[in-house]
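Architecture at a glance
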Amino acid sequence: MLIDSFNRTIDYIRVSVTSRCNFRCLYCMPNTPFEWEPKENVLSYEEMFEFLKLAIDEGVKKIRLTGGEPLVRKDLDKFVKMLHDYKPELDLALTTNGYYLKKYAKRLKDAGLKRVNISIDSLKPEVAEKIAQRDCLNNVLEGIDEAIKVGFQVKLNTVVMKGINDNEILDLLEFAKNKNVIIRFIEFMENERAYPGIKRVDSKEVLEKIRSRYSFKELPKKNEASKNFMLNDGNIFGIIEPHNEEFCKSCNRIRLTAEGYLIPCLFFTESYNIKEAIRGGNIQKAAEILRDVVKNKPEKNDWQEEKVSDRAFWETGG
């Protein structure tokens, strides 16, 4: 079992299988050129699997595949099957922008993927295109429908930005209700790569907007990133507040990048590379690095009003 110095059990790894993405979202990588790590710098699925077997044996129960956009990497379903076959009860999940999901949902479900989180930041085609810098909404909507159709547990994610999509909070909530899925509204995380001038909508503002139409109650906190609320009609929505210290108190996750860096916290720049150990067949060394990352996991992130992150979120599955 992996336990950090603050007595948190670390049983969840987010794996960025690629730093590539077909979107250029304003809050993430709007001005990033299409220049990527050479293929030889990226861990193969087999190399990732060798490390993740070690992590699973040490007590990891949940693995979420992220990017960039994970579905731009070929044969992701084969990687899912490798993990599922190793431990069928493993909680295998995927975070995606949904653009290619209609094509791959059935294949991923058959391989053993259990849950899918899908980003949807607007229900208006022109706003969705403005945010993603790609005509994308129809594909995303089709991806959501296909994910539901094949039987995934589906959650929707929306990054709320002042003056861009904050007037759609109730519409997005209604959309999720009609699909019978949970939507989480995410506070924008300030970072150096984001489009200049983007302003965060505080979670209190989101809740006030929802309260203008619905009554709701907060549900008991579970070991997950979001605070969850139940509407008076029984539907559930969530709020993700990375600026809130409560966000960190129950943090049970670390991150692995496609280039082999293990990251103990999304905000902090410290990382440890397991690529050399894995490629050299030194599993013991990889195990030592894993334990060091867990041991040195900080108590909380370092977001401050006057400070922004220099972390590239598309590399870390942010």
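Now for a look at the structure at hand. Bear in mind the structure is a predicted one, so any value in this text is a computation, not a measurement.

Per the counting criterion, the structure on display carries 15 salt bridges. Across the pair glutamate 58 and arginine 291 runs a salt bridge whose closest N-O atoms are separated by 2.8 Å. Here glutamate 58 is found in the loop between helix H1 (45-57) and strand E2 (62-66), whereas its partner arginine 291 is found in helix H10 (residues 283-295), with 233 residues between them in sequence. For the salt bridge of lysine 106 with aspartate 110, the shortest nitrogen-to-oxygen distance reads 2.8 Å. Taken together, the positions of lysine 106 and aspartate 110, both in helix H3 (residues 101-111) and four residues apart, correspond to about one turn of that helix.

Taken together, twelve strands build an open sheet; the order of strands is E7-E8-E9-E6-E5-E4-E3-E2-E1-E10-E11-E12 and the sheet is mixed. Of all the strands in the sheet, the pair left with one neighbour each is strand E7 (216-218) and strand E12 (272-273). Sheet analysis places strand E1 (residues 12-16) next to E2, joined by five bridges and oriented parallel. What sits directly across from tyrosine 12, in E2, is lysine 62. Together, E1, E2, strand E10 (253-256) and strand E11 (261-263) form the strand contacts of H1, whose direction differs from that of E1 by roughly 170°.

Attention now moves to the nonpolar core. Phe51, Ile63, Phe79, Leu156, Phe185, Ile210 and Phe237 are the most contacted members of the largest nonpolar core, which totals 96 residues. For this core, the element with the most residues is H1, which contributes eight residues.

Below, the discussion takes up the pairing of strand E8 (residues 227-231). Regular strands show a simple pattern: their side chains alternate between the two faces of the sheet. Pairing of E7 with E8, which is carried by three bridges, proceeds in the antiparallel orientation. By the bridge assignment, phenylalanine 216 is partnered in E8 with leucine 231. Sheet topology places E8 next to strand E9 (residues 236-240); four bridges connect them, and they run antiparallel. What sits directly across from lysine 227, in E9, is isoleucine 239. Hairpin remark: E8 followed by E9, antiparallel, with four residues in the connecting loop; positive phi at glycine 234, about 95°.

In the structure shown here, the tally under the stated rule is seven aromatic pairs. Aromatic side chains phenylalanine 216 and phenylalanine 237 sit 5.4 Å apart centroid to centroid with 85° between the ring planes, which places their arrangement in the edge-to-face category. Taken together, the residues span a long stretch of sequence, with phenylalanine 216 in strand E7 and phenylalanine 237 in strand E9 at a distance of 21 residues. The exposure classification of phenylalanine 216 matches that of phenylalanine 237, with both residues buried. One aromatic cluster is present, built from ring pairs that chain together Phe23, Tyr99 and Tyr100. Sitting above the plane of the tyrosine 99 ring, arginine 134 keeps its charged end 4.2 Å from the centroid.

Right, let's get into the pairing of strand E6 (residues 182-187). Here E6 lies mainly inside the structure; five of its six residues are buried. Where strand E5 (residues 153-160) and E6 come together, six bridges link them in parallel fashion. Residue pairing across strands places valine 160 opposite glutamate 187, the latter belonging to E6. Read as a crossover between parallel neighbours, the route from E5 over helix H6 (residues 169-179) to E6 is right-handed. Two strands pair when backbone bridges link them, and E6 and E9 are joined in this way by four bridges, in the parallel orientation. Residue isoleucine 183 lies in a different strand from E9, and its bridge partner there is phenylalanine 237.

Conventions and cut-offs
- Residues numbered from 1 in each chain as written.
- Predicted model: local features only at pLDDT ≥ 70, side-chain atom pairs only at ≥ 80, totals over all residues.
- Heavy atoms only, no water.
- Salt bridge = Lys/Arg side-chain N within 4 Å of Asp/Glu carboxyl O.
- Helix = DSSP H or I, 4+ residues; strand = E, 2+ residues; numbered from the N terminus.
- Pairing = 2+ DSSP bridges.
- Contact = heavy atoms within 4.5 Å.
- Axes fitted to C-alpha atoms, helices over the stretch in contact; angles between N-to-C directions.
- Core = buried A, V, L, I, M, F, W, Y, C linked by side-chain atoms within 4.5 Å.
- Buried < 20%, exposed > 50% of the residue type's maximum accessible area, 1.4 Å probe, protein only.
- Phe/Tyr/Trp six-rings, centres within 6.5 Å; stacked < 30°, edge-to-face > 60°.
- Lys NZ or Arg CZ within 6 Å of the ring centre and 35° of its normal.
- Right-handed = clockwise from strand over helix to strand, strands pointing away.

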